[in-house]
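Structure assessment
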Protein chains: 2
Amino acid sequence: MTTSRTQALAGVPLFGGLEEIELASVAGDASVRRAASGRAFFRAGEAATRVYVLVAGRVKVTEVSPEGHEVILRVNGPGDLFGGVAALVDGSEYPVTARALETSEALAWSGQVMLALMRRFPVVAINAARLVALRLHALQRVHHELMTDRVERRIARAVLRLAREAGRRVESGVEIDFPLSRQDLAQMTGTTLFTVSRTLSGWQSEGLVTTARRRVVVCQPERLVRIADDLS
Amino acid sequence: MTTSRTQALAGVPLFGGLEEIELASVAGDASVRRAASGRAFFRAGEAATRVYVLVAGRVKVTEVSPEGHEVILRVNGPGDLFGGVAALVDGSEYPVTARALETSEALAWSGQVMLALMRRFPVVAINAARLVALRLHALQRVHHELMTDRVERRIARAVLRLAREAGRRVESGVEIDFPLSRQDLAQMTGTTLFTVSRTLSGWQSEGLVTTARRRVVVCQPERLVRIADDLS
DNA sequence: GGCCCCGTATGACAGCCGTCATACCGTCCC
DNA sequence: GGGACGGTATGACGGCTGTCATACGGGGCC
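Residues numbered from 1 in each chain as written. Chains lettered and ligands numbered in written order. Predicted model: local features only at pLDDT ≥ 70, side-chain atom pairs only at ≥ 80, totals over all residues. Heavy atoms only, no water.

1. A few points about the interface of chain A and chain B
With 45 residues of chain A at the interface, the matching set in chain B holds 45 residues. Both sides together, the interface formed by chain A and chain B hides about 3900 Å², and carbon and sulfur atoms give 72% of it. Counting across the chain A and chain B interface gives two salt bridges. Taking the shortest distance from any N to any O, the salt bridge between R153 of chain B and E67 of chain A comes out at 2.5 Å. At the boundary of chain A and chain B, one finds six residue pairs in polar contact (both at pLDDT 80 or more). Here the element with the most residues in the side of chain A that touches chain B is helix α4 (residues 122-148) of chain A; it accounts for 20 residues. Its residues assigned to classes, the side of chain A that touches chain B comprises 25 nonpolar, 10 polar and 10 charged. (Contact = heavy atoms within 4.5 Å. Buried area = accessible area lost by both parts, 1.4 Å probe. Salt bridge = Lys/Arg side-chain N within 4 Å of Asp/Glu carboxyl O. Polar contact = N/O pair within 3.5 Å; in protein donor to acceptor, adjacent residues only side chain to side chain. Helix = DSSP H or I, 4+ residues; strand = E, 2+ residues; numbered from the N terminus. Nonpolar A, V, L, I, M, F, W, Y, C, P; charged D, E, K, R; others polar.)

2. A closer look at the sheet that holds strand β10 (residues 215-218) of chain A
All names here are of chain A. The strand order across the open sheet built from four strands is β7-β8-β10-β9, with neighbouring strands paired in antiparallel fashion. One side of each edge strand has no neighbouring strand; the edge strands of this open sheet are β7 (167-170) and β9 (209-212). Adjacent strand axes in the sheet meet at a mean angle of 25°, parallel and antiparallel pairs treated alike. Bridging between β9 and β10 involves four bridges; their strand directions are antiparallel. If you follow T210 over to β10, its bridge partner there is V217. This element, helix α7 (residues 193-205), spans β9 and β10 of the sheet and lies at about 125° to β9. (Pairing = 2+ DSSP bridges. Axes fitted to C-alpha atoms, helices over the stretch in contact; angles between N-to-C directions.)

3. Observations concerning the domain arrangement of chain A
Quoted interface sizes are often the accessible area lost when the parts come together. Residues and elements named next belong to chain A. Taken domain by domain, chain A consists of domain 1 (2-145) and domain 2 (149-229). Each of domain 1 and domain 2 has a C-alpha centre, and these two points are 27 Å apart. Taken residue by residue, the interface counts 10 residues in domain 1 and 12 residues in domain 2. With both chains or domains summed, domain 1 and domain 2 bury close to 1100 Å², and 49% of this area falls on carbon and sulfur atoms. Per-residue buried area on domain 1 facing domain 2 is highest for R58, I72 and E145; these three make up 54% of the total on that side. (Domains from an automatic or database assignment.)

Below, the structure written as structure tokens:
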């Protein structure tokens, strides 16, 4: 029971630096949450009561504006913290929605319990600060790209990032290992599904990628990198 | 000496929850850093050795891409943490540049000392995680706007934010209390100085704002809010 | 006081890309 | 197997806004 949870927490960055016994104690305070593909762990606006660490599956974190525009902020994989630090602020609400892209499993702690853990094991609080900072830096880079780069380059960067973080080797190249629609890519890169469709079509006809329904395989990463980084 | 530093730290969010004696101890570990207008506390790429808390003045945090495009990520005021969490990661580099917009003064701790403080006072680490999370959420909102909103709305939002965070009441309205050029606004909103100039000119001729060299005064905030929020 | 430079203003032009319309196709579900 | 639906493809059109050129004016520095 708890031992399998403890194993799930080994190697999770949030708990790096804890002894095994401490890890077991942390695991003992956790509850298991599962979400089928398409279901939400939590939605924006709900009371932020829990902190999650993803154990298996994949979770997309999205934000919706009052006008109804939805954007994808990131896609989390196993080991990632999410729902994170909103839950540490009393009475706050989740600012984002976390939705399973495929059947997913996470460990969860209430904000109160996580705060107690952090006071008991300061390294966990330090890790949390670091992790959020890394996420901030990643978002700063994407934000910078959005400000200064054309659409094609932004899509190239997004595809390369996803291939790096969630790629699986297949015979023809590296496949992005979860369902990814044109619309999803558009919501990550600040463009429209039409432009993404056009761009991927172009790349496909030149052999850079092969695509199918909600599938993308990167065949020639180096040419994609050239699109992403070329200083012209 | 240390007592004046201690006073400077009272009310700083990073150290919320510390007793006065503890605060004095924290202050004792700090060194004072000053930067004249236009000088940098640190630059992107330098070894991230120090954590700063701004005591007086104003600091803009910018990021430069390999192509040389510079964007402004935020403007910090007194009490704000900056250079923050990069310094907690061993051997890391600052991902951004922090430059004084006016003569500024900060307290600084080495990353090692700050880590020790966090282990001794876990609440400081928890505060740090919260603060970085708040900054992340703020950037997420701006990022969302950049993806979905037109330029005029983005500029309106940026001006309103600055007026709220760094506004000073004057007879004709609320003046943004530090030098702010068209170029600065462009680098905050992902557009060009030309478009900002055109937009502000339009607003000025309609009486929404008055402008001068690196000066912006918001005269009719409610009409600016309408531009920022109108669902049309 | 005068010069230089930075910041600003404004017009002309073009092109990236958003918007809308239409059609195709694979998948799922009865 | 057939229909419905969600995802994709592609064209036409237009406008927001980036790019470039030019000019002006106020501040600061010698």
